[in-house]
Amino acid sequence: MREEVLYFLKMQASGNDFILINNFAGRIAAHEGPELAWKLCRRRLSVGADGLILIEPPKKVGNAFAWRFYNADGSEAEMCGNGGRCAARFAVEEGLAKSPLVFETLAGEIRAEVSGSRVKVELTTPKDLKLGLELPLEEKSLEAHFVNTGVPHTVILVEDLEGVPVRELGRKIRYHEMFLPAGTNVNFVKVEPEGRLSIRTYERGVEDETLACGTGASAAALIAERLGLVRSPVPVKTRGGEVLIIHLEGERVSLEGEARKIYRGYLYPEALLD
Ligand SMILES: N[C@H](CCC[C@H](N)C(=O)O)C(=O)O
């Protein structure tokens, strides 16, 4: 990566925060992504974020862009719902695309509609849906459900969401042998009286609870609907406080909410030192 300063935009979607860089000029090589991600995502020592998003030229003519998405630990993920909402708005406001647009991820093509700060993305077709798994843990077994909404998600329905030790129990399930080798994100979900869900998510690759997880909220809504507990469109209250709206139309799952620009900055080369 050449030495001149690197411009970035900091965005957040329901409290899931990201660093976005326009890499159309190819200044950041593919092999540099993981290290750049963990260095920049460190809170206090650097910019701080749940993930890094590099926006690059599309492979298919007519698509707006391709992206590379990295979690805070530098691991590359196939997809990110909240990050995708930020990336779509970024592309429109950078003049790279007009809404509606399609962008390319490792999970597949994602269609997005941008209207000001409100963004709706259609996820890839959910796969590997499994309801009513018995998840053996040391002290007891839990009932779990699983679906891949672009990335793997385990969903556990709970009554007392506030009382869940998300970091401790989330980490145990995230690395559980049942989900090896890819591992899984872990979502604890409460079905509220008026057909709304509340959710807390332990995120793979952040290795902690995040304030929101778009593909996780979508996984929770899909599973709750398949269990007959909610009906589309499903409001999902995130830990960050914002309510995401999940639209379920047959196999099509869409995620809608705010994607906010926070600040634009540039990185000094020393920000990339260990
Ligand atoms: N941590 C996830 C990717 C980001 C998902 C989340 N931030 C979202 O909004 O979907 C994983 O590695 O599976």
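Since we're looking at a predicted model, the values are computed, not measured.

### Structural notes on the domain arrangement of the protein
The parts lose accessible area when they come together, and the size of an interface is often stated as this lost area. Along its sequence, the protein is organised into domain 1 (6–121 + 259–272) and domain 2 (127–250). Here the C-alpha centre of domain 2 lies 24 Å away from the C-alpha centre of domain 1. The interface of domain 1 with domain 2 comprises 19 residues on the first partner and 20 residues on the second. Taken over both partners, the interface formed by domain 1 and domain 2 buries close to 1,300 Å², and the fraction arising from carbon and sulfur atoms is 47%. Here domain 1 and domain 2 share one salt bridge between them. R204 is paired through a salt bridge with E78; the nearest N and O atoms lie 3.1 Å apart. In this assembly, domain 1 and domain 2 are joined by six residue pairs in polar contact (both at pLDDT 80 or more). Counting residues per element, the side of domain 1 that touches domain 2 draws most heavily on helix α2 (residues 81–93), which supplies three residues.

### Brief notes about the site of the ligand
Among the 15 residues in the neighbourhood of the ligand, the closest are listed as N185, E203, R204, G214 and T215. Contact between the ligand and N82: an oxygen atom at 3.0 Å from a main-chain N or O atom of the residue. Here a nitrogen atom of the ligand and a side-chain polar atom of E203 are 2.8 Å apart. Here the ligand loses 100% of its free accessible area of 360 Å² to cover by the protein chains. Structurally, the ligand is housed in the largest cavity.

### Points about the confidence of the model for the protein
Taken over all residues, the pLDDT of the protein has a mean of 96, while the share at 70 or more is 99%. The ipTM value of the predicted complex is 0.93, and its pTM value is 0.96.

### Here we look at the nonpolar core
With 50 residues, the main nonpolar core has F65, W67, L101, L197 and I246 as its most contacted residues. Counting residues per element, this core draws most heavily on helix α4 (residues 214–226), at seven residues. Two domains each put at least three residues into this core: domain 1 (6–121 + 259–272) and domain 2 (127–250). Among residues more than four places away in sequence, those in contact with W67 are I53, L54, E78, M79, C80, G83, G84, A87, F103, E104 and T105. Residues L135, V164, I173 and F179 belong to the second largest nonpolar core, which totals 16 residues.

### What to know about the UniProt feature "binding site: substrate" (unreviewed entry) in the protein
The UniProt feature table records "binding site: substrate" (unreviewed entry) at N16, N71, G81, N82, N185, E203, R204, G214 and T215. A maximum C-alpha distance of 14.4 Å among these annotated residues, which run over 200 residues, shows that they cluster at one spot. Within the annotated group just given, the residues that line the largest cavity are N16, N71, G81, N185, E203, R204, G214 and T215. With respect to the helices, strands and loops of the structure, N82 is situated in helix α2. Residue N82 is classed as buried on the basis of its relative accessible area, which comes to 0%. Not counting residues up to four positions away in its chain, the partners in contact with N82 are A13, N16, F18, A212, C213, G214, L244 and L255.

Thresholds applied
- Residues numbered from 1 in each chain as written.
- Predicted model: local features only at pLDDT ≥ 70, side-chain atom pairs only at ≥ 80, totals over all residues.
- Heavy atoms only, no water.
- Domains from an automatic or database assignment.
- Contact = heavy atoms within 4.5 Å.
- Buried area = accessible area lost by both parts, 1.4 Å probe.
- Salt bridge = Lys/Arg side-chain N within 4 Å of Asp/Glu carboxyl O.
- Polar contact = N/O pair within 3.5 Å; in protein donor to acceptor, adjacent residues only side chain to side chain.
- Helix = DSSP H or I, 4+ residues; strand = E, 2+ residues; numbered from the N terminus.
- Near = heavy atom within 4 Å.
- Areas by Shrake-Rupley, 256 points an atom, 1.4 Å probe, with all protein chains shown as cover.
- 1 Å grid on protein atoms, 1.4 Å probe; cavity = no way out; pocket = protein on both sides within 12 Å on 5 of 7 lines; lining within 4 Å.
- Sits in = over half its atoms within 2 Å of the grid points.
- pLDDT = per-residue confidence, 0-100.
- Core = buried A, V, L, I, M, F, W, Y, C linked by side-chain atoms within 4.5 Å.
- Buried < 20%, exposed > 50% of the residue type's maximum accessible area, 1.4 Å probe, protein only.
- UniProt positions renumbered as here; feature names shortened; annotations may be inferred.

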